[in-house]
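Residues per chain, in single letters:
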Amino acid sequence: MAARWAVLGLLAACVASAAKESVLNMCMDAKHHKTQPGPEGALHGQCAPWKDNACCTAETSTGAHQDQSYLYDFNWNHCGAMPEKCKQHFIQDTCLYECSPNLGPWIDQADTSWRRERILNVPLCKEDCELWWEDCKDAITCKENWHKGWNWTSARDGEGWLEGVQPQLAHCRPLSPSPGTNRCPRGFICQPFKYVFPRPGDLCEKIWSNSYKYTTEHRGGGRCIQMWFDPANGNPNVAVAKYYAQNGGDASPVPRAVLLLLPAALLSLL
Ligand SMILES: *[C@@H]1O[C@H](CO)[C@@H](O)[C@H](O)[C@H]1NC(C)=O
């Protein structure tokens, strides 16, 4: 009997460690991700740091740099033109999301029509979050959560967008609005990011419904995910994923469930 338990224990440990290994280099099951990470020599612009090992294709990396690209038809300029210095952070955020093979420990189920998996509570480095906020604090938006609640109703150019909005916000007119993109819903006022997101953590956590978690961990410390990195020194997020896969935290509820249920499942086979 003791021997049988020892064998079961070993098996469970093997499966659990395999599950942990597998989250270390993987792509989520979402709209544009490849099924497996791999080299992508031609990644565009700000997505190039991931070219040695990426979940995005070159085409996706190009889309990440375009206003209202085919990726999500999402309009950054829903309250007027987003300043370039702010937009570069949204591009980098898109590159990390589409290209990183190191987000496995934070992949969660997403029951939406357009993706089966999402990221939840990815611990973003303090500097990445604070620079994002600093460069965007004077940009304009009408919503705190950009995942939900937009008006996606098609409308002809210039039709309807101003209804219910104060005249002084006329500068908030979207740049060349086209059918099928996100618009501010009625009653939502365009205002600077610094009012919508008073602190950096509000921006990083709320904008994508907790995809990111604000942390006080610093770049280079191995305890937070970097949106920005110099590929000359390798991808720092490889070690971060490994650390969280081994040390839990918010990470990987699925492998933990597998670990708990496995001995019972194996016993029932004997
Ligand atoms: C959405 O936009 C359409 C077209 O502009 C408009 O008729 C409708 O009232 C808007 N709905 C909301 C909730 O903002």
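See the structure shown above.
In this text the structure is predicted, and so the values were computed from the model without any measurement. (Residues numbered from 1 in each chain as written. Predicted model: local features only at pLDDT ≥ 70, side-chain atom pairs only at ≥ 80, totals over all residues. Heavy atoms only, no water.)

**Notes on unusual backbone geometry**
Our working definition: In this description a helix means any DSSP run of H or I spanning at least four residues, a strand means any run of E spanning at least two, and both kinds are numbered starting from the N terminus. Here the term buried applies to any residue with accessible area under 20% of the maximum for its type, exposed to any over 50%, and partly exposed to those in between, with areas from a 1.4 Å probe on protein chains only.
You will see that asparagine 121, though not glycine, has its phi angle at about 60°, which is positive. When you line up the elements, asparagine 121 lands in the loop between strand S2 (117–119) and strand S3 (122–124). Phi at serine 209 takes a positive value of approximately 45°, unusual for a residue other than glycine. Topologically, serine 209 is positioned in the loop between helix H6 (200–206) and strand S6 (212–214). The exposure class of serine 209 is buried, given its relative accessible area of 15%.

**Some words on the state of the cysteines**
For the record, the criterion: Two cysteine sulfur atoms form a disulfide, by the criterion used here, when they sit within 2.5 Å.
The tally for this structure, following the rule as stated, stands at eight disulfides. Residue pairing for cysteine 79: its cysteine sulfur links by disulfide to cysteine 190, the two sulfurs lying 2.2 Å apart. Judged by the torsion about the S-S bond (-75°), the cysteine 79/cysteine 190 disulfide is left-handed. Taken as a pair, cysteine 79 in the loop between helix H2 (58–63) and helix H3 (84–99) and cysteine 190 in the loop between strand S4 (140–141) and strand S5 (191–192) lie far apart in primary sequence, 111 residues in all. Each member of the pair, cysteine 79 as well as cysteine 190, carries the same accessibility label: buried. Two residues share a disulfide in this structure: cysteine 86 and cysteine 136, whose sulfurs sit 2.1 Å from each other. When the S-S torsion is 100°, as for the bridge of cysteine 86 with cysteine 136, the disulfide is right-handed. With cysteine 86 in helix H3 and cysteine 136 in helix H4 (residues 126–136), the pair connects residues that are 50 residues apart, well separated along the chain. There is no split in this pair, since cysteine 86 and cysteine 136 are both buried.

**Quick notes on the environment of serine 209**
To be explicit about the condition: The contact rule is simple, with two residues in contact once any of their heavy atoms fall within 4.5 Å. Pairing of N or O atoms within 3.5 Å defines a polar contact, subject to two protein rules: one partner must be a possible hydrogen donor and the other a possible acceptor, and residues neighboring in sequence count only if both atoms are side-chain atoms.
A C-alpha to C-alpha distance of 8.2 Å links serine 209 and leucine 120, two positions 89 residues apart in sequence. In this structure, serine 209 is in contact with Arg118, Leu120, Asn145 and His147, ignoring residues within four places of it in sequence. A distance of 2.5 Å separates a polar atom in the side chain of serine 209 from a polar atom in the side chain of histidine 147.

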